[in-house]
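# Structural characterization, general
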Amino acid sequence: MIDLHCHLLPDVDDGATDDQDSIALLKMAIADGITHMVLTPHIQPGRYQNTQQSLQQPFEKLQALVKQLNLPISLGIAGEVRLSAEVLSLYSANSLPFIGYWQNKQVMLLELPHDGIPVGSEKLVDWLIQRDIMPMIVHPERNKAIMHDIHKADPFIERGCLFQLTAMSVTGKFGVHAYHSAQQFLDNNWATVIASDAHNTKHRPPILSEAYQFISDKYDRQMAQRLMIDTPKKIIQAKC
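The structure displayed is predicted, hence computed values, not measured ones. (Residues numbered from 1 in each chain as written. Predicted model: local features only at pLDDT ≥ 70, side-chain atom pairs only at ≥ 80, totals over all residues. Heavy atoms only, no water.)

A count of helices and strands for the protein chain gives 10 helices and 10 strands. Its C-alpha atoms give the protein chain principal-axis dimensions of about 50 × 45 × 30 Å. Going through the 240 residues of the protein chain one by one, you find that 56% of them count as buried. The contacts of the protein chain with a sequence gap of at least 6 include a subset with a gap of at least 24, amounting to 75%. When the accessible surface of the protein chain is split by element, carbon and sulfur atoms take 49% of a total near 10,800 Å². Here the protein chain contributes 21 positively and 26 negatively charged side chains, and the mean placements of these two sets differ by 2 Å. (Helix = DSSP H or I, 4+ residues; strand = E, 2+ residues; numbered from the N terminus. Buried < 20%, exposed > 50% of the residue type's maximum accessible area, 1.4 Å probe, protein only. Contact = heavy atoms within 4.5 Å. Areas by Shrake-Rupley, 256 points an atom, 1.4 Å probe, with all protein chains shown as cover. Lys, Arg positive; Asp, Glu negative; His and termini not counted. Charge placed at Lys NZ, Arg CZ, Asp CG, Glu CD.)

Set out below in C-alpha cells:
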C-alpha cells in the first residue's frame with residue numbers, strides 16, 4: 001500500500017518528535033504492509049513555517065537513516081498546505097510542495113480549516129487550477145461544515161478537485177460524524193485516495209490495512225486497491 005499523507009518527518013510540525021519517533025512510525029507502517037510513504041508536514045505560515053526548500057535537509061537526513069537501518073520502505077517529500085492567502089506568496093517564491101501529477105497538473109495537498117470553509121475558498125482553488133495545480137483536499141470528511149452538510153463539498157467536486165480520506169475516518173475511529181461523511185464520499189465515488197494522516201504510534205498511527213479490509217468487505221477489493229495502491233502509485237510515478 002502507498003500512503004500519500006503522513007507526518008513522520010521529525011521535529012517540523014505536530015507529528016514525529018525526533019529520529020527515534022520517526023523510525024518507530026516507519027517500522028509500524030512497514031509491518032502494516034505500506035511500501036511507500038510521502039511525508040507531508042504542515043505548511044501553515046504563522047504556525048508551521050515550512051516550505052518545500054526548508055524540508056529538504058531534514059528529509060535527506062531521515063532518508064540516510066532509513067538506508068542505514070536497511071528499512072524496506074521508499075519515501076517521498078511534499079507537504080500539507082493550509083488554505084490561506086499566503087498560498088499566493090508561497091507560489092511566487094516557488095515554495096509550494098507537490099506530491100505528483102494528475103492529468104498533467106501538479107497535485108498539492110490542500111487543507112481546509114477544521115471548523116469550516118472560508119469565504120473565497122473556491123476562488124483560491126480556481127486560481128490554483130488556472131496555474132496547473134490540482135488541489136487534493138485532505139480529510140474533507142473531518143471538516144465540520146462538510147460533516148454537517150455534505151453539499152458544502154459541491155464547489156470542490158464541481159471543479160474536479162481530488163479528495164483524500166483518512167483511513168481512521170473510514171473505519172469509524174475518528175467518530176461517527178466523520179465516519180458517515182467518509183461513507184458518503186465512498187458511496188458517491190468522490191474519494192481519490194485513502195491515506196493515514198499518521199502523527200504518532202498511539203492515537204494516529206500509520207495504518208492502512210484496516211481501511212483496506214473494510215472497503216474490501218463493504219464495497220469490493222478493486223476499490224480498496226484503487227484507493228490505496230493504484231491511484232497513489234499513478235500520482236507519485238508521474239512525478240518521477
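The next thing to look at is the sheet that holds strand E4 (residues 74-77). Spatially, 3 strands are ordered E1-E2-E4 in an open sheet, and the strand pairing comes out parallel. Of all strands in the sheet, those bounded by a partner on one side alone are strand E1 (2-6) and E4. Between one strand and the next, the sheet's axes are offset by a mean angle of 20 degrees, whatever the strand orientation. Taken together, the 4 bridges between strand E2 (residues 36-39) and E4 define a ladder with parallel strand orientation. Following the sheet pairing, Leu 39 is matched in E4 by Ile 77. Against the sheet, helix H2 (residues 56-69) makes contact with E2 and E4, and its axis sits at roughly 175 degrees relative to E4, the strand it touches most. Lying over the sheet, helix H10 (residues 221-237) contacts E1 and E2, oriented at roughly 70 degrees with respect to E1. (Pairing = 2+ DSSP bridges. Axes fitted to C-alpha atoms, helices over the stretch in contact; angles between N-to-C directions.)

For the structure on display, the rule yields 6 salt bridges. Between Asp 126 and Arg 159 there is a salt bridge, with the nearest N and O atoms lying 2.7 Å from each other. Of the two residues, Asp 126 is situated in helix H4 (residues 121-130) and Arg 159 in the loop between helix H6 (154-158) and strand E9 (162-166); the sequence distance between them amounts to 33 residues. The exposure class assigned to Asp 126 is partly exposed, which follows from its relative accessible area of 26%. Judged by its relative accessible area of 28%, Arg 159 falls in the partly exposed class. Here the residues in one salt-bridge network are Arg 142, Asp 197 and Arg 204, joined through shared partners. (Salt bridge = Lys/Arg side-chain N within 4 Å of Asp/Glu carboxyl O.)

Turning our eyes to something else, we now look at helix H8 (residues 176-187). Between its first and last C-alpha atoms H8 spans 16 Å; for 12 residues at 1.5 Å apiece the expected length is 16 Å, and the two agree. Within the span of H8, buried status applies to Ala 178, Ser 181, Ala 182, Gln 183, Phe 185 and Leu 186. Buried residues along H8 sit in contact with helix H5 (144-148), E9, helix H7 (167-170), helix H9 (209-218) and H10. Within two residues after H8, Asn 189 carries a phi angle of roughly 60 degrees, on the positive side. (Expected span 1.5 Å × (residues − 1).)

A few words now on unusual backbone geometry. For Asn 94, which is not a glycine, the phi torsion comes out positive at approximately 55 degrees. Within the element layout of this structure, Asn 94 appears in the loop between helix H3 (86-92) and strand E6 (100-102). Assessed through its relative accessible area of 56%, Asn 94 is described here as exposed. The phi angle at Asp 132 is positive, at roughly 60 degrees, despite the residue not being glycine. Under the relative-accessibility criterion, Asp 132 is labelled partly exposed at 42%.

Our focus in this paragraph is the packing of aromatic side chains. By the definition in use, this model includes 4 aromatic pairs. On the numbers, 5.1 Å between centres and 80 degrees between planes, the contact of Tyr 91 with Trp 127 is edge-to-face. Pair noted here: Tyr 91 is in helix H3 and Trp 127 is in helix H4, with a separation of 36 residues, a long-range link. On the accessibility criterion, Tyr 91 (34% relative accessible area) is partly exposed. With centroids separated by 5.5 Å and ring planes inclined at 80 degrees, the aromatic side chains of Phe 185 and Trp 190 adopt a geometry described as edge-to-face. Take Phe 185: its relative accessible area is 0%, and that puts it in the buried class. (Phe/Tyr/Trp six-rings, centres within 6.5 Å; stacked < 30°, edge-to-face > 60°.)

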